[in-house]
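Chain by chain, the residues:
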Amino acid sequence: MQTKIEDHLPANRAVITGHGSFVPAKILTNDDLSHMVDTSDEWIVTRTGIKVRHITTDKESTAHLATEAAKRALERAKLSAEELELIIVATITPEMVFPSTACFVQQALGAKKAWGFDIAAACSGFVYSLHIVQQFMENGRLNNALVIGAESLTKITNWKERTSCILFGDGAGAVVLQRKQNAGRGILFSTLGADGTYWESLCCRAYGSRHPVSRPLEDPEMVYMQIKGREVYQQAVRRIVEAVTECMTRCNLTLDDIKMVISHQMNARIIESAAKRLNLPDEKVFINIQDYGNTSAASVPIAFDECMRQGKLKKGDIVILVAFGAGVTWGANVIEM
Ligand code: UT7
């Protein structure tokens, strides 16, 4: 299929050649949560679509999840870690303040020739990272890259706050991207946005330079994620609709041309409401939040991996990845598989 944007694309393309995901074994159910805060399975399922989420133990951390997801993606791509030139880890729950989680993953994989860094764009981090790789591959400066979205959000979850603690889970998803010439597929278009005026909608105030670990916190709850649920809800629907519409306009796509829209899994109702406004039928909207909760930057690549493993995308299909999150940030990628 010839999209409008196709005429302007360079011969070099960023093609996804491998995908994988990994979640911790430990599961937290809605019933478990109902023993911790004043909530119920019925409320959580009706308001969010979430049934269970996976959570890290004290022995598991973000780099561990990221590395396991990466190994699976490399295996599918039939690429060795030594052939990687770049590793990007999208995360807001890094291994440490520094060095970057990407360096821990590079070491664990033995990817000696790769440089790497982290992206802190919250739930939009994976979509942001794909756009970065797209630029390097289209200008011919990069051949093989690994993009990972990985989070241990439950380590900054306030287990006493019922509006937020029911939402989040841990996990990682990864893709291998390779530069291909005249492949007629790959990332076609990306759109990204941010609006820092809404930073307080979703944030974790400690322990950056404004509220450093070396000084007592004025409010001990600053160590946890804080969300203004309703505000996020409304903005998320609006930005997802705008981003997907822009993708369709710029790539000259009709609804018929799109095989699947894979949104960041923040709340099934947000995704369904955006899909309704876009007139997207149910079978073109991938939802797996019931099994993972909201895993922030990991959510899009986990959903992409699952969608691929379920055989829902084949060569030549057009998929749109879309996300909205803290910052606030948002973005989307159009990919021809
Ligand atoms: O990826 C981006 C991060 N994600 C987000 O920031 C989340 C986006 N927002 C949402 O998903 C939804 O806004 C929530 C799931 C957080 C909340 O759903 P809602 O339909 O917007 O509920 P609400 O905040 O309007 O609250 C409705 C009621 C309130 O009670 P009253 O004031 O009507 O008596 C809440 O206190 O539901 C109550 N409530 C709960 N009840 C049982 C809030 N949390 C819970 C709970 N269990 N866990």
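Residues numbered from 1 in each chain as written. Predicted model: local features only at pLDDT ≥ 70, side-chain atom pairs only at ≥ 80, totals over all residues. Heavy atoms only, no water.

Another point: the sheet that holds strand 5 (residues 115–119). Reading across the sheet, the five strands line up as 1-7-6-4-5 and stay open at both edges, with mixed pairing between neighbours. The sheet is open, and its two edges are formed by strand 1 (12–22) and strand 5, each paired on a single side. Here the average twist between neighbouring strands, direction ignored, is 20 degrees. Of the strand pairs in this sheet, strand 4 (residues 86–90) and strand 5 are connected by five bridges, and their pairing is parallel. Within the sheet, the bridge partner assigned to Ile87 lies in strand 5 and is Gly116. (Pairing = 2+ DSSP bridges. Helix = DSSP H or I, 4+ residues; strand = E, 2+ residues; numbered from the N terminus. Axes fitted to C-alpha atoms, helices over the stretch in contact; angles between N-to-C directions.)

What follows covers the pattern of salt bridges. Following the criterion strictly, the structure yields nine salt bridges and no others. Two residues, Arg205 and Glu200, come together in a salt bridge whose shortest N-O distance is 2.7 Å. Judged by relative accessible area, which is 36%, Glu200 ranks as partly exposed. The salt bridge involving Arg239 is made with Glu242; its shortest N-O contact spans 3.0 Å. Separated by three residues within a single helix, Arg239 and Glu242 lie in helix 7 (residues 229–250), roughly one turn from each other. (Salt bridge = Lys/Arg side-chain N within 4 Å of Asp/Glu carboxyl O. Buried < 20%, exposed > 50% of the residue type's maximum accessible area, 1.4 Å probe, protein only.)

Further remarks concern the sheet that holds strand 12 (residues 285–286). The strands making up a sheet associate through backbone hydrogen bonding, with each pair oriented either parallel or antiparallel. With respect to topology, five strands assemble into an open sheet ordered 8-14-13-11-12, the strand pairing being mixed. Of all the strands in the sheet, the pair left with one neighbour each is strand 8 (186–194) and strand 12. Of the pairings in the sheet, the one linking strand 11 (residues 258–263) to strand 12 comprises two bridges and is parallel in character. Bridge pairing in strand 12 places Val261 opposite Val285.

This part takes up the site of the ligand. Around the ligand there are 21 residues in total, and Thr39, Arg47, Arg230, Asn267 and Asn294 lie nearest to it. Side-chain polar atom of Arg269 to an oxygen atom of the ligand: 3.2 Å apart, as the coordinates give it. Taken by itself the ligand offers 960 Å² of open surface, and the protein chains cover 76% of this. Residue assignment for the shell around the ligand shows that the elements contributing at least two residues are helix 2 (41–48), helix 6 (162–165) and helix 7. Of all the elements, helix 7 adds the most residues to the shell around the ligand, at four residues. Each of domain 1 (6–184) and domain 2 (187–336) contributes no fewer than three residues to the shell around the ligand. (Near = heavy atom within 4 Å. Polar contact = N/O pair within 3.5 Å; in protein donor to acceptor, adjacent residues only side chain to side chain. Areas by Shrake-Rupley, 256 points an atom, 1.4 Å probe, with all protein chains shown as cover. Domains from an automatic or database assignment.)

Before going further, it helps to examine the packing of helix 3 (residues 62–77) against helix 4 (residues 101–109). Put simply, helix 3 and helix 4 touch, their axes get as near as 9 Å, and they point 55 degrees apart. On the basis of the axis angle, helix 3 is oblique to helix 4. Handedness of the crossing formed by helix 3 with helix 4: right-handed. Across the interface between the two elements, Thr62, Ala63, Ala66, Thr67, Ala70, Lys71 and Leu74 from helix 3 touch Thr101, Phe104, Val105, Ala108 and Leu109 from helix 4. Among the residues forming the contact of helix 3 with helix 4, the class breakdown is eight nonpolar, three polar and one charged. (Parallel < 35°, antiparallel > 145°, perpendicular 65-115°, else oblique. Left-handed = near helix turned anticlockwise from the far one by under 90°. Contact = heavy atoms within 4.5 Å. Nonpolar A, V, L, I, M, F, W, Y, C, P; charged D, E, K, R; others polar.)

Another point: helix 4. The set of residues buried in helix 4 consists of Thr101, Ala102, Val105 and Leu109. For helix 4, the angular spread of the buried residues around the axis is 100 degrees, confining them to a single face. Tucked into the core, helix 4 has its buried residues touching helix 3, strand 4, strand 5 and strand 6 (144–152). (Arc of directions from axis to C-beta.)

Turning to the nonpolar core, a few remarks are in order. Among the nonpolar cores identified, the biggest contains 50 residues, and Ile240, Val244, Ile320, Phe324 and Val334 are the most heavily contacted of them. Elements represented by at least two residues in this core include exactly strand 8, helix 7, strand 11, helix 8 (268–277), strand 13 (318–325) and strand 14 (329–336). Two domains each provide a minimum of three residues to this core, namely domain 1 (6–184) and domain 2 (187–336). If we skip the residues at most four places from it in the chain, Ile240 touches Ser263, Met266, Ile270, Ala274, Val322 and Phe324. (Core = buried A, V, L, I, M, F, W, Y, C linked by side-chain atoms within 4.5 Å.)

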